[in-house]
Structure formats: C-alpha cells, structure tokens
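Chain by chain, the residues:
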Amino acid sequence: MNARMAVFYSIIALAIFGLVYTLITDPAGLLGQILTYAVIIGVIYLLYRLWTARKPGRHDQQAFKKAARQSKKRYGNPVSASKLKSTGKHASSKKAIPLKKSSVSRLDGPKLTVIEGKKGKKKKKISL
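Trainee: Can you walk me through the overall build of the protein in this structure?
Mentor: Helix and strand content of the protein: five helices and zero strands. Walking the protein from its N terminus toward its C terminus, one meets helices and strands in the order α-α-α-α-α. Considering the protein as a whole, with its 128 residues, one finds that 2% of them fall into the buried category.

See below:
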C-alpha cells in the first residue's frame, strides 16, 4: 500500500468515526447539519440552473444539436477521406472501409420546390 492510499483510507476512517460519534452523542444536531447542507446545496443548484437558463443563444444551440442528431440519424456518420487513406508499411494490412450504401431517395437528391416571386412583375398603377 503506498502512502496516498494510506492517507485516503485514514481520512475515510476518521470521517466514519466522526459520523458515528456525532450520531451517538447528538443525533438532533447531526440531522440539523444534514438539513442545512441539503438546503445550501439546493439553493446553489437552483441558482446554477437559473444562470444557465438565461444564456443568450442557448435555444439556437439546442436547435442546432437537434438538427445534427436528426442528420446523423438520416444519413449516418460518413467516414472522412483522411480516415480512408492509409500510408506507409501498414497500407497492405489495412482494408478500406466500405462506404454505407444510401437509399434510393438519397440518390435522387433533395426534393426542392420553386416558389414563384413577384420581383420581375410590374404593378398596375392607378392614375387619376
């Protein structure tokens, strides 16, 4: 057993001894201390949650993460070209990772629609 482990176990043993001693001599005081620590930790947690909820751009970040998850689910995780390249002596031992075949709908491309605009059309002017 090295010195660090001996110090660690000594501290744990002292903590257990102190807890048992306080439980025997003053159980109401121990309960009060536990409740006090629980309230302090609860207040700190609530302040932390309020502070992180007010960060600007948090909603945008969550929307981006959701879109990224949906994209990964739809298209899979593509293997980058740098991972496919193998150089040096290990080139013969490594096999190329086959790319995942996509569905037929991916080969057709995205479904795009054209929305007619009014930019080129002239308005009829009423003259009096």
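Trainee: Looking at this structure, I do not really get a nonpolar patch on the surface. What am I missing?
Mentor: Together, Met1, Met5, Phe8, Tyr9, Ile12, Ile16, Val20 and Ile24 make up a nonpolar patch on the protein surface, roughly 870 Å² of accessible area in all. Along the chain, methionine 1 turns up in the segment before helix H1 (3-25).

Trainee: Looking at this model, I keep getting lost on the confidence of the model for the protein. Mind explaining?
Mentor: Segments scoring low in pLDDT should not have their predicted coordinates read at a detailed level. Taken residue by residue, the protein gives an average pLDDT of 77. The fraction at 70 or more is 64%. Between the elements of the protein, mean pLDDT differs from a low of 49, seen in helix H4 (residues 81-84), to a high of 94, seen in H1. Across residues 87-92, where pLDDT falls below 50, the model places one contact with residues more than four positions away in sequence or in other chains.

Definitions and limits used
Residues numbered from 1 in each chain as written. Predicted model: local features only at pLDDT ≥ 70, side-chain atom pairs only at ≥ 80, totals over all residues. Heavy atoms only, no water. Helix = DSSP H or I, 4+ residues; strand = E, 2+ residues; numbered from the N terminus. Buried < 20%, exposed > 50% of the residue type's maximum accessible area, 1.4 Å probe, protein only. Patch = residues over 30% accessible without salt bridge, like charges linked within 9 Å, V, L, I, M, F, W, Y side chains within 5 Å. Areas by Shrake-Rupley, 256 points an atom, 1.4 Å probe, with all protein chains shown as cover. Salt bridge = Lys/Arg side-chain N within 4 Å of Asp/Glu carboxyl O. pLDDT = per-residue confidence, 0-100. Contact = heavy atoms within 4.5 Å.

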